[in-house]
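# A structural walkthrough
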Amino acid sequence: MSVSPTAAGDIRRYAIVTAAYWGFTLTDGALRMLVLLHFHTLGYTPFELALLFLLYELAGMATNLVGGWIGARFGLKLTLHLGLALQIVALAMLALLDPGWPGLVAVAYVVAAQGLAGIAKDLTKMSAKSAIKLVVPGESAGLLFRWVALLTGSKNALKGVGFFLGGALLGAVGFAVSLWIMAGALGIVLLAVLAFLSGDLGRMKQKPAFASLFAKSSAVNRLSAARFFLFGARDTWFVVGVPVFLYDVLGWSFTEVGGFLALWVIGYGFVQAAAPALVRRSGDGVSHEVSAARLWALLLALLPAGIAYALDRPDVLAPELAIILGLGLFGLVFAMNSALHSYLILAYTDRERVALDVGFYYMANAGGRLLGTLLSGLAYQSHGITGCLLAAALLAALSWLLALRLPRNRQPAQA
C-alpha cells in the first residue's frame, strides 16, 4: 500500500521530532543526576536539594499550559526549537557556576538555571507527544497505543541511560566539564533539527483563544488529576529519598547510584513499550484500557506501604534487598500506569485540539512532580525513606480514586 506524500512528510517530521526528543532526554536525565549528587556532596540537606528542583517543576507547569497554546497557534516546530535552545543555555549557565559564590547566590543561580531546564524539558516533551496524534489515522486506536507506548518507553529507557551518564561523567571529569560536553552534544542536535525539520506540525487552522486552554472535557480533567497524583507518588521517594538513601545509608558510589537508577528507568521504559501487549484491547479504544488503568493504579497504591513495612522488618529482609526489589516492582507497576495514561490522553482528545489538551495534561504531570519533589525532601529529612514511602502510598491511592472516575467512552473535546 502506497503512502501519500502528505502522510510520508508527517511521518518524516515526526521521526525527526522523536530523535530530537531522545537526544534531549539523555541530557535531561544526566543533568538531574549531576545536580543531585554534586550538591549533596557539597553538604546540601535533602530539603535544600529538593528546593534546587523547585523552579524546574514550577516552570514545567506553566510551560505545558502556555506551550500547548503556542504549539497549537504557531506549530510544534517552534516549541521544539525553543526547548532545545533553552536546555543548551541552562547547561551553560550551570557550567559557569562559581564555587566561590556565597551560598544564597549560588542556590538562586542554580534554581534559575533549573527553571530554564524545566521550560526546555516540557516544551520538547509536549512537541513530541502531541506530534504522534497527527500521524496516526483517527480510527487506528491500536496503532496509536503502540506508538505512544514505544515513544514513552524509549524515552524513559534513554532517561535511565542519562542517569548513568550523569553519575559516570561526574566521577570521571567533574561537574563543569560534564555540562559543557552535554551542551555541545545537544547543540549538534539543534543544528540537525534546524536543517532537516520543515513544514508545519500541529498548528490549528483556526487560531485558538487563550481561554480555550481551560475548556476541557471531564475525561481530560479527571485523567490530568490522576496523572498529578501518579507522578507525585513516584517523585516523593524517587527524586531525593532513594538516591540519598543509597549514597548515605547504604554507602553506594556516584556511579553505583546513577547506574542503579539508570537500570530502573530503563527497565520501566521497556515495560511501557510492552504495555499494549499486556492490556486487553477494546473496539472503542478506551473501555478495556480504562479498566486496566484502574487495576494498575490500585496495585501501585499498595506497593509503597508494603516496601515501608519490609524496611521496618530488617530481620526478615535486608534493607538493601527491600529497596532493590521494591523499587523494581514499583517501576513495573508505575510503567503500566504511565503508559495507559499516555494513551488515554490522546484517545480522549481530537486531532485539532491535541497540543492544547496534551499541554494541559502535562501541566498536571509537572505539578505532580513538583509536589513529589517537595515532599521527597521534607519527608526524607523528617522521617527518612519510610516517610517518603508512606507519602507515596497516599498519593498513589488518590490517583486510583480518580482513575475510578475515568469515563469508559470517548467524549467531546469540550464540556
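Sequence order as written defines the numbering, with residues in each chain counted from 1. In view of the model being predicted, local features appear only for residues whose pLDDT reaches at least 70, and side-chain atom pairs are presented and counted only at 80 or more, with totals across whole chains, interfaces and linings using the full set of residues. Each side-chain value is worked out from all heavy atoms of the structure, with water and hydrogens disregarded.

## Concerning the environment of A112
One can find A112 in helix α5 (residues 103–135). Separated by 53 residues in sequence, A112 and A59 have C-alpha atoms that sit 9.9 Å apart. Secondary structure counts use DSSP, requiring at least four H or I residues in a row for a helix and at least two E residues in a row for a strand, with both numbered from the N terminus.

## Overview of the packing of aromatic side chains
In this scheme Phe, Tyr and Trp rings, the latter by its six-membered ring, pair at centre separations within 6.5 Å, and the angle between planes marks the pair as stacked below 30 degrees, edge-to-face above 60, and tilted otherwise. Under the counting rule described, the total for this entry stands at 13 aromatic pairs. With a centroid separation of 4.9 Å and an interplanar angle of 90°, the aromatic rings of F228 and F229 are classed as edge-to-face. Throughout this description, buried means an accessible area under 20% of the type-specific maximum (1.4 Å probe, protein chains only), exposed means over 50%, and partly exposed covers the range between. The exposure class assigned to F228 is partly exposed, which follows from its relative accessible area of 24%. Between F330 and F334, the ring centres sit 6.1 Å apart and the planes meet at 15°, which makes this aromatic pair stacked. On the criterion of helical spacing, the pair formed by F330 and F334 is a turn pair, its members being four residues apart in helix α12 (residues 319–348). Like F334, F330 is buried. Here a set of aromatic residues connected by ring pairs shows up, and it is made of F163, F231, W237, F238, W264, Y268, F330 and F334.

## Regarding the pattern of salt bridges
One side-chain nitrogen of Lys or Arg within 4 Å of one carboxyl oxygen of Asp or Glu is enough to make a salt bridge. Inspection of every chain in the model, using the stated rule, returns four salt bridges. Notably, a salt bridge pairs K121 with D28, separated by 4.0 Å at the nearest N-O pair. Taken together, the residues span a long stretch of sequence, with K121 in helix α5 and D28 in helix α1 (residues 5–41) at a distance of 93 residues. Among the ionic pairs, R234 bridges to D235, the shortest N-O distance being 2.7 Å. Pair check on accessibility: R234 and D235 agree, each one buried.

## Comments concerning the side chain of T27
Among the structural elements, T27 can be located in helix α1. Among the polar contacts listed, one links the side chain of T27 to the backbone oxygen of F24, at a separation of 2.7 Å. Setting aside residues up to four positions removed in sequence, T27 forms contacts with Q87, L91, M182 and L186. For this analysis, a polar contact is any N or O atom pair within 3.5 Å, provided that within protein one partner can donate a hydrogen and the other can accept it, and provided that sequence-adjacent residues contribute only side-chain to side-chain pairs. Two residues form a contact once any of their heavy atoms are found within 4.5 Å.

## Structural notes on the side chain of H40
Of note, H40 is situated in helix α1. When sequence neighbours within four positions are dropped, the list of residues in contact with H40 reads L49, V244, Y247 and D248.

## Some words on the environment of G232
With respect to the element layout, G232 can be found in helix α8 (residues 218–238). Residue class for G232 comes out buried when judged on its relative accessible area of 0%. Separated by 141 residues in sequence, G232 and T373 have C-alpha atoms that sit 7.7 Å apart. With near-sequence residues (within four places) excluded, G232 lies in contact with G368, G372 and L395.

## Concerning a nonpolar patch on the surface
Only residues whose relative accessible area exceeds 30% and that take part in no salt bridge are eligible for patches, with like-charged residues grouped when within 9 Å of each other and nonpolar side chains (Val, Leu, Ile, Met, Phe, Trp, Tyr) grouped when within 5 Å. Values of accessible area rely on a 1.4 Å probe in the Shrake-Rupley scheme; residue burial ignores everything except the protein chains shown. A cluster of nonpolar residues, L394, L398, L401 and L404, forms a patch on the protein surface that exposes about 340 Å² of accessible area. Inspection of the secondary structure assignment puts L404 in the segment after α13 (354–403).

Functional significance is not addressed by these values, which are geometric in nature.
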